[in-house]
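# Fold and contact review
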Amino acid sequence: MANQSYKRRSAPRRSPRRGWYGLIVAAAALVIVLLLMFALGRAVTGLFNRHADVPGDDPMFAPTPETVTRPPDLEDAPGVGRAQPEDPSQSWHYETLTPLTEDGIAAEG
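Described below are features of the structure shown in this document. Being a predicted model, the structure only gives us computed values, none of them experimental.

## Digging into the overall build of the chain
Secondary structure summary: the chain contains two helices and zero strands in total. Out of the 109 residues in the chain, the part that is buried amounts to 0%. In the form shown here, the chain has an accessible surface area of approximately 11700 Å², with 61% of it arising from carbon and sulfur atoms.

## Some remarks on the packing of aromatic side chains
All chains considered together, the criterion is met by one aromatic pair. With a centroid separation of 6.5 Å and an interplanar angle of 75°, the aromatic rings of Trp92 and Tyr94 are classed as edge-to-face. For Trp92, a relative accessible area of 53% translates into the label exposed. Look at Tyr94 and you get exposed, because its relative accessible area is 62%.

## Concerning a nonpolar patch on the surface
A cluster of nonpolar residues, Leu30, Val33, Leu34 and Met37, forms a patch on the protein surface that exposes about 400 Å² of accessible area. The topology assignment puts Leu30 in helix α1 (residues 16–48). Given the relative accessible area of 52%, Leu30 is considered exposed.

Conventions adopted
- Residues numbered from 1 in each chain as written.
- Predicted model: local features only at pLDDT ≥ 70, side-chain atom pairs only at ≥ 80, totals over all residues.
- Heavy atoms only, no water.
- Helix = DSSP H or I, 4+ residues; strand = E, 2+ residues; numbered from the N terminus.
- Buried < 20%, exposed > 50% of the residue type's maximum accessible area, 1.4 Å probe, protein only.
- Areas by Shrake-Rupley, 256 points an atom, 1.4 Å probe, with all protein chains shown as cover.
- Phe/Tyr/Trp six-rings, centres within 6.5 Å; stacked < 30°, edge-to-face > 60°.
- Patch = residues over 30% accessible without salt bridge, like charges linked within 9 Å, V, L, I, M, F, W, Y side chains within 5 Å.
- Salt bridge = Lys/Arg side-chain N within 4 Å of Asp/Glu carboxyl O.

Pasting the structure below:
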């Protein structure tokens, strides 16, 4: 009788589906590690570029103000022109608020 320890043992048979599960788990772990590295990289660069998050800080990207002009055909049209602003000092009311007369002498009162 031969000793059982000298017999060649065969590897246990595994299900073919079992290999796919390990591959899926490894791929998911790789995706998670990549996402964590990406988030960590953004956090580190955000610390170095903290001032860049303030909107309107760079004059290069400031919006240009819209300029409104009259059409050229209306500039010289008779009866149509720019409204001349009225002089606001015409409606001012002047009064003497000091107790001085015209000569600069204090009025008695």
